[in-house]
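A closer look at the structure
Spelled out, the chains give:
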Amino acid sequence: MSLTGTPFLYTLIALCVAAVALPLVLWSRVRGPRAVRGVARLLMVLFAQGTAVALVFTMVNNSNQLYDNWGDLLGTSDHVQEAADLGASGTGGIALEKLPKVKQTFKQGKGPGMREEGGVLVTHLQGRVSGVHAEVNVWLPPQYHEPAYRNHRFPVVEVLPGYPGSSKAWYGTMDAPEQLAPLMRGGQITPFIIVSPRTTLLPGKDTGCANIAGQVNADSWLSIDVPKMVMDNFRAQAAPNGWAVAGYSAGAHCATKLAVAHPDRYRAAVSMSGYNDPAAVPQSLAGGSPALRAANNPYVILKDSRVPPRVALYMSGQPKDGYEAAMALKRAAKAPTTVDVVFIPKSAGGHTMALWKPQVVPAFRWLTQVMGTPQQAGSAPGTTPLAPSSAGSRHAELASGTASPADAARRP
């Protein structure tokens, strides 16, 4: 029975009802010595408490999409087949342009949000460079199958969850397709392909999106294997100009790090409540040593870059939850690197999905501006045209309101 499935949820609800009814019916009817009666009643109480806790956990998990399956919850899922030393480039000396095309079979995704706005396609990818074998989810924009767009290639945003977090979270809890599709149809936001790969690759560990020889090559999985598969199977624009990466919490850290470390693979990154030092997460493998911490800290990478990377960063955060890290990057950035900071007041809520979900539309509006405002059908080759305006398109506002980079800079 699936951890996130409806049958499991309904089973827990039934057990909770039974757990309440059981002592009401049997409490005074228990027979036998006092010790036996005491044990029987204690078991009824524990059963009621246990089912209640299980139901609450399941509802919270389904709402926030923290654990996707029993393997993730119990720490038995291992998606790393091998973790060779791939060197500083993360390629292991492999000429990526000479690798054969990756042809995948896709099926309709299941779960919350996976059937919204055309549905999400799911495939199991065997990473040829990284040695990671895991699922990748792909959502295609409304224009993708329209005749007017048959010769156009679409920009891509690779979206990452926090830790723990499900690869489905951006489609379910974050409602990205449902929020963005009307605006894409209305010509207000670029029609992006949205790709969400699995990031929980080892049991009970946050990979920090790092390459660690002998343990995991998460960086190469996310920045090489997944993009190559997408470009080989869909009309996706080439890297770096056609690619961006976005995330929240631990995924925000990864998004910033990947973009800053690989300006040849990404043009932009969106960070919501991120951090710079991977040691901020105790379970992070990237925080395991001073060398790993420095190599996977976007602030250190940016500060020490001989040639500033040509990337644009959108960073939102609250005091002591992403804002200070964003401002540190803004101060360290030199042209052509750009950093736009959005200050989120504490009154907007804490480090939860309720804070990040309203930021999806503003972030994609920013991506539309940074990656080039598309033109109408019939425009120059390589651009992605916007659909004509349509009734019913709606704007989503950031729950707390947005602040300009200038406003953010004035905050303590």
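The numbers attached to residues start from 1 for each chain and follow its sequence in the written order. Where local features are concerned, this predicted model is filtered to residues with pLDDT of at least 70; where side-chain atom pairs are given and counted, the filter is 80 or more; whole-chain, interface and lining totals use all residues. Values reported for side chains reflect all heavy atoms of the structure, with hydrogen atoms and water molecules removed beforehand.

Starting at the N terminus, helices and strands are each numbered in turn, a helix being any DSSP run of H or I of at least four residues and a strand any DSSP run of E of at least two. For the protein, the count of helices and strands is 12 helices and 11 strands. Buried means the residue's accessible area, taken with a 1.4 Å probe over protein chains only, is under 20% of the maximum for its type, while exposed means over 50%, and partly exposed covers the values in between. Looking at the protein as a whole, 51% of its 412 residues are labelled buried. Residue contacts are defined here by distance: any two heavy atoms, one from each residue, within 4.5 Å place the two residues in contact. Within the protein, contacts between residues separated by at least 24 positions form 74% of all contacts whose residues are at least 6 apart in sequence. Per-residue and other accessible areas follow the Shrake-Rupley method at a 1.4 Å probe size, with only the shown protein chains counted as cover for residues. As displayed, the protein offers around 18,200 Å² of accessible surface, 58% of which is attributable to carbon and sulfur atoms.

With that settled, the discussion passes to a nonpolar patch on the surface. To count toward a patch, a residue needs a relative accessible area above 30% and no salt bridge. Like charges then connect within 9 Å, nonpolar side chains (Val, Leu, Ile, Met, Phe, Trp, Tyr) within 5 Å. A pairing counts as a salt bridge when a side-chain nitrogen of Lys or Arg comes within 4 Å of a carboxyl oxygen of Asp or Glu. The grouping of Leu-15, Val-20, Leu-22, Leu-24, Val-25, Leu-26 and Phe-47 at the surface amounts to a nonpolar patch, some 590 Å² of accessible area in total. When residues in the nonpolar patch are grouped by element, the largest group, six residues, is from helix H1 (residues 6-26). Relative to the assigned elements, Leu-15 resides in helix H1.

It is worth spelling out unusual backbone geometry at this point. Residue Pro-164 is bonded to the preceding Tyr-163 through a cis peptide linkage, with omega at -10 degrees. Inspection of the secondary structure assignment puts Pro-164 in the loop between strand S4 (156-160) and helix H4 (176-185). The residue after Ala-239, namely Pro-240, is reached through a cis peptide bond having omega 0 degrees. Considering the arrangement of structural elements, one finds Pro-240 in the loop between helix H5 (218-233) and strand S8 (243-248). Backbone geometry at Asp-175 places phi at a positive 55 degrees, although glycine is not the residue there. Here Asp-175 shows up in the loop between S4 and H4. According to the relative accessible area criterion, Asp-175 is buried, its value standing at 17%.

Here Phe-106 lies in the loop between helix H3 (70-74) and strand S1 (107-108). Classification of Phe-106 by relative accessible area gives partly exposed; the value is 23%. Sequence-wise, Phe-106 and Asn-233 are 127 residues apart; in three dimensions their C-alpha atoms are separated by 10.0 Å.

To continue, consider the nonpolar core. Counting residues in hydrophobic clusters, the biggest one holds 54 residues, and the most contacted among them are Ile-193, Trp-221 and Val-230. Considering each element in turn, this core owes the most residues, six residues, to H5. Those residues in contact with Val-230 that sit more than four places away from it in its chain are Val-156, Val-195, Ala-236 and Trp-243. Think of a nonpolar core as a cluster: buried Ala, Val, Leu, Ile, Met, Phe, Trp, Tyr and Cys residues, connected wherever their side-chain atoms sit within 4.5 Å.

Once that is clear, we can look at the pattern of salt bridges. Taken as a whole and judged by the stated rule, the model has nine salt bridges. Between Asp-264 and Arg-265 there is a salt bridge whose closest N-O contact spans 3.8 Å. The partly exposed category is assigned to Asp-264, whose relative accessible area is 48%. Looking at Arg-265, the relative accessible area reads 11%, which means it is buried. Where Lys-303 meets Asp-304, a salt bridge forms, and the shortest distance between an N and an O atom there is 3.3 Å. Overall, the relative accessible area of 46% leaves Lys-303 in the partly exposed class. Among the charged side chains, a network of salt bridges with common partners joins Asp-219, Lys-257, Asp-264 and Arg-265.

The subject of this paragraph is H4. Working note: α-helix, 3.6 residues per turn, so residues spaced by three or four point in the same direction. Burial of H4 is extensive: eight of the 10 residues sit out of reach of the surface. For H4, the full list of buried residues reads Ala-176, Pro-177, Gln-179, Leu-180, Ala-181, Pro-182, Leu-183 and Met-184.

Between the rings of Phe, Tyr and Trp (Trp by its six-membered ring), a pair exists once the centres lie within 6.5 Å; its type follows the angle of the planes, with under 30 degrees stacked, over 60 edge-to-face, and the other angles tilted. All told, the structure shown has nine aromatic pairs when counted by the stated rule. Relative to Trp-356, the ring of Tyr-248 has its centre 4.8 Å away and its plane inclined at 20 degrees; by these criteria the two rings are stacked. Highlighted residues: Tyr-248 in strand S8 and Trp-356 in helix H10 (residues 353-356), separated in sequence by 108 residues. Each member of the pair Tyr-248 and Trp-356 is classed as buried. Each ring, one from Tyr-323 and one from Phe-343, has its centre 5.0 Å from the other, and the planes form 90 degrees; the classification is edge-to-face. Of this pair, Tyr-323 sits in helix H9 (residues 323-332) while Phe-343 sits in strand S11 (residues 338-343), and the two are 20 residues apart along the sequence. Both residues of the pair, Tyr-323 and Phe-343, belong to the buried class. In this structure an aromatic cluster arises from ring pairing among Phe-106, Tyr-144, Tyr-149, Phe-154 and Phe-234.

To continue, consider the environment of Pro-298. Here Pro-298 lies in helix H8 (residues 298-304). Between the C-alpha atoms of Pro-298 and Pro-278, which are 20 residues apart in sequence, the distance is 9.4 Å.

Another aspect to go through is the side chain of Arg-265. Tracing the sequence through the fold places Arg-265 in the loop between helix H6 (250-261) and strand S9 (268-272). Two N or O atoms form a polar contact when they lie within 3.5 Å of each other; inside protein one atom must be a possible hydrogen donor and the other a possible acceptor, and for residues adjacent in sequence the pair counts only when both atoms belong to side chains. One polar contact links the side chain of Arg-265 to the main-chain carbonyl oxygen of Ser-89, over a distance of 2.9 Å. Ignoring anything within four residues of it in the chain, the contact list for Arg-265 reads Ser-89, Thr-91, Asp-219, Ser-223, Ile-224, Ala-239, Pro-240 and Trp-243.

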